[in-house]
Every structure is written in C-alpha cells, then in structure tokens.
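# Breakdown of the fold
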Amino acid sequence: MTATLRTLDYAVLQQCMHCGMCLPTCPTYDATTRERNSPRGRIALMRAVADGDLAVTREFAEEMSYCLGCLACQTACPAGVNYAELFETARSDIEIQQALPGAGRAFWRAVTLGFLFMRPRALRAAGSLLRVYQRTGLQALVRRSGLIRLLPDSLRRLEPQTPRIAPAFSNALIAAHEEPREPARHRVALLTGCIQDLVFSDVNRDTADVLLANGCAVFTPPVQPCCGSLHAHNGDSGRAQQLARRMIDLLPPDRYDAIVTNAGGCGSHLRRYGPLLEGDPRYRDRAHAWDAKVRDIHEWLAAIDCRAPAAAPFADPATLTYHESCHLVHGQKISKQPRALLRLLPGVRLVELPESTWCCGSAGIYAITQPEQADALLRRKTGHVLSTAAAWVATANPGCHLQIARGLDAAGAGVGVVHPISLLAQAYRNESLIATPVTSPNH
Ligand code: SF4
Ligand code: SF4
C-alpha cells in the first residue's frame, strides 16, 4: 500500500512533544531560524495534513523539499520520533497529490526513478555512454561550444557535477563467488549499489578484498537491483517496495550470515525493508529476516573482530579526518566503528573533524533541487576539513564523497577523499597477504 499522512499510524505523528531539542541540530533551521524550517515545525505541518486541517499544497511540498532528510533531528530527539518515516510519507503524499507539477520534473522522474533505477542493465548502459562522453573529449568539446547553455536550469547545474564514471563496473571486478585462502568462517552477500557501482566500483572491490582477508566467503550477484532508497526518499514508495521484493528474492537472507553494504545512504534504507513491506503478507516475514541480516561494512568488521593490518596504507605517515555520512550516523547509529577501523591503520593519525555529523549538503538530489543551501553546507564542511590540516578525509557514502571532493577541488586544497575500507584494503595489499580469490561462477 502506498503511504499517505492521512493513513499513517497516528501514533507516529503524536510522538513529538514539541520540546525543541532537535532545533539546534537541524541545518535548515540553523540557516533561517524559522520554525517552519525546523523538524518541530515540519512535523506540525504533517500533523495538520493528517488531521485534515491543511491540504498538501505546493507550499507544503516546497517545505518538505527544503528538508535535507539528514535525520540529525532523529538522533537529537528524546521522544524517539521516527522522522525518517514521517519525511518519506510526506514526500509520498506530495507525489500522490501532484503538489509539485511541471512536465520537466515529471519527465526526469520517469527517466530516473521510473526507468534507469528500476533496470540495472539500463543504468549500466547509460553509465557506459556517459563514460564515452567523458573520455573521448566530447564533454570538453560540449563545454567549450556553449551547448550547455541550451539545457534546462537543473541540468545545466548538474552537468559540471556529473561524477567521473569508473573504467569498469563491479561485475567486471568481482566474481559472483569468492573464497578466502583459509576455510571461510562467514558467508556474506555484498551489495554493490548504483552510484557506487558506476563511480566507485573500486571501493566495492576493496570491500570484497577486506572481507576475504577477514575470513568471509563473498557472494556478489553480478546484476543487482537498486535498493530503492532513492525512490523512498523521493516519494515513490510503490517502486521502493517493488525493489525491496526483488532484492529479497535475489539474496534470500537465510543463506547468509550478513548482507553487507558499504554505502551509508543505502544501508539506512536497506535495514528498513520490514516496515516497508509490513502490509505484504507474502514478504513480511522475509523482510524482517532481511533487516536482521543487513550490516554496514564497518559494523560487520567490528562484529567479527577485524584483523589489524601490519602495513600502512600510505608510503609516508599521514593525517586523516573523518566525515560522518548522515545516514550512517543518524540513520544507522554507526559512528564508533569507522573510527575504530581507521585507528587500526599503521602510519595514520586520525584527527577529529569539527561538526563531523553536520550534513555536507549532498543529501541525494539536494544539490540539484536546493543548490544555494547545498553550497552553503559544502562551504561550511570544506572549511572544517581545512581547519584540521589533514591530508585526507575519509567518508563512507558516495554522495558525501563526491560532494566533499567537489568542495575541496574548488578550494584548491589538495586534500584527498577516500572510503575507510579502501585504506584498509590498501594496507592489507601492502603486507601482501590478501588471498588470490578462488572464483566460481555460481552461488
Ligand atoms: S532531516 Fe535534517 S534538515 Fe530535515 S528537519 Fe531533520 S535535521 Fe532538519
Ligand atoms: S526533539 Fe523530538 S519531540 Fe522534541 S520537538 Fe524535536 S521532534 Fe519533537
């Protein structure tokens, strides 16, 4: 069933006791100090819609679009308000009521949410075309020619931010089944993601290597559906449910000790298939079993007592800081484990990042829909990274990675961005202990 605020369990809306503890943690309230731009203000608007006192108007929709969905308010809330569910239901209602009309918006939603992110092979085909565009000089030619000016506003803003597509996707780098050198102690399914697959397939390879080095047999289906987080965050709960069912069919949870993801934004959604499919008697139980098996990679490695590498990831000692992806820290409450892994690395000094849990402004498509606020948050984040004088910033979500790299490039800072797991994989490689995978085409 598609969720609306009118049909949502009223107890979820009633939980807010208006204490205001969330206000100082909210980036949009911090920017405007207006009650309506705060979590408490937004929840009051949602409750008015549920009560029938307010229609789902364009103004309401714009307020929900201004919210980053960063979930910092959820961490701060002493009453345990489930802001993630409220926010996704509000966005779903907005789409059902078509409160944000516009042929261009409908067209791009159909192309992305309705087509590309429903068909992994089509997404890879689009990624391959983009790779050709980027690597043949065509992109440079288009930029020089001024053709970019013919694009609609949103696409013109997006074009310079288009990430560089990886030379190969995950299915070319990771076999469907890889075994560690020693007898496996764990069976793990590895999720390769969408943006992670197109842009950071090397991080997926690194993740497989780190799992192998820690005694895990790794199962990585070569073609995987999108987890549905993009759909859920953007008000398309029907397709999010379809994708959750496909994912459960592809990776039945009873076959694995853990289903591992290395992307904070995906993980936050992946571990909520149970509530998403609560109304589906065919999938409900399997969805709850699935949630119990989903692990963020840092969380999983901490649980199996990750082996400390004997070698350093870098040739020379380096200083590193850590930015916390909102959906890792607020959505999944995973904060200590990535730092603990980074502290295992020889030759690396970890320095704390001021406001490490404050959103960088990436937030899915926020940089397209709210470019000014996204840029303000990025400048704030970049300034904090520079204040640490670190040579590297580690982060575990592709959106944050791209956003912070863009900010640091613009600042000409010469600071690198890296996934914590890539550092661990490199350290293992440097001690030449990672097993050559034994591969098998089936699992
Ligand atoms: S999700 Fe983030 S931006 Fe939205 S209300 Fe909560 S703290 Fe504010
Ligand atoms: S902290 Fe929680 S209960 Fe208090 S105003 Fe914010 S959402 Fe409501």
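What comes next concerns the included structure.

Reading the values: the criteria
Residues numbered from 1 in each chain as written. Chains lettered and ligands numbered in written order. Predicted model: local features only at pLDDT ≥ 70, side-chain atom pairs only at ≥ 80, totals over all residues. Heavy atoms only, no water. Buried < 20%, exposed > 50% of the residue type's maximum accessible area, 1.4 Å probe, protein only. Helix = DSSP H or I, 4+ residues; strand = E, 2+ residues; numbered from the N terminus. Arc of directions from axis to C-beta. Contact = heavy atoms within 4.5 Å. Axes fitted to C-alpha atoms, helices over the stretch in contact; angles between N-to-C directions. Parallel < 35°, antiparallel > 145°, perpendicular 65-115°, else oblique. Left-handed = near helix turned anticlockwise from the far one by under 90°. Nonpolar A, V, L, I, M, F, W, Y, C, P; charged D, E, K, R; others polar. Near = heavy atom within 4 Å. Core = buried A, V, L, I, M, F, W, Y, C linked by side-chain atoms within 4.5 Å.

What follows concerns helix H18 (residues 284-293). In an α-helix, one turn spans 3.6 residues; hence positions three or four apart end up facing the same way. Taken as a whole, H18 has its buried residues at Ala287, Trp290 and Asp291. Along the long axis of H18, the arc covered by the buried residues comes to 100°, so they all point the same way. In this fold, the buried residues of H18 make contact with helix H15 (237-250), strand E4 (258-261), helix H16 (264-270), helix H17 (273-276) and strand E5 (294-296).

Helix H6 (residues 83-96) packs onto helix H4 (residues 58-66) with a crossing angle of 140° between their chain directions and a minimal axis gap of 10 Å. On the basis of their axis angle, the class for H4 and H6 is oblique. Relative to H6, the crossing made by H4 is left-handed. Contact residues: H4 offers Phe60, Ala61, Met64 and Ser65, while H6 offers Phe87, Ala90, Arg91 and Ile94. In the contact of H4 with H6, the residues fall into six nonpolar, one polar and one charged.

Around ligand 2 there are 13 residues in total, and Cys16, Cys19, Gly20, Cys22 and Cys77 lie nearest to it. For the shell around ligand 2, the residue count by class is ten nonpolar, two polar and one charged.

Another aspect to go through is the nonpolar core. One finds Trp300, Leu301, Leu320, Leu342 and Leu424 to be the most contacted residues of the largest nonpolar core, which totals 36 residues. Counting residues per element, this core draws most heavily on helix H25 (residues 420-430), which supplies six residues. Setting aside its immediate chain neighbours within four residues, Leu342 contacts Leu320, Tyr322, Leu350, Ala394, Pro420 and Leu423.

Moving on, we get to the environment of Leu408. Along the chain, the position of Leu408 falls in helix H24 (residues 398-410). When its relative accessible area of 1% is taken as the criterion, Leu408 is described as buried. For the pair formed by Leu408 and Ile43, sequence separation is 365 residues and the distance between their alpha carbons is 35 Å. Among residues more than four places away in sequence, those in contact with Leu408 are Thr382, Val385, Leu386, Val393, Ala413, Val415 and Val417.

Following both chains from N to C, one finds helix H23 (residues 371-388) and H24 inclined at 70°, their axes separated by 9 Å at the closest point. Classified by the angle between their axes, H23 and H24 sit roughly perpendicular to one another. Contacts from Ala374, Asp375, Leu378, Lys381, Thr382, Val385 and Leu386 in H23 reach Gln403, Ile404, Arg406, Gly407 and Leu408 in H24. Taken together, the residues that form the contact of H23 with H24 break down as six nonpolar, three polar and three charged.

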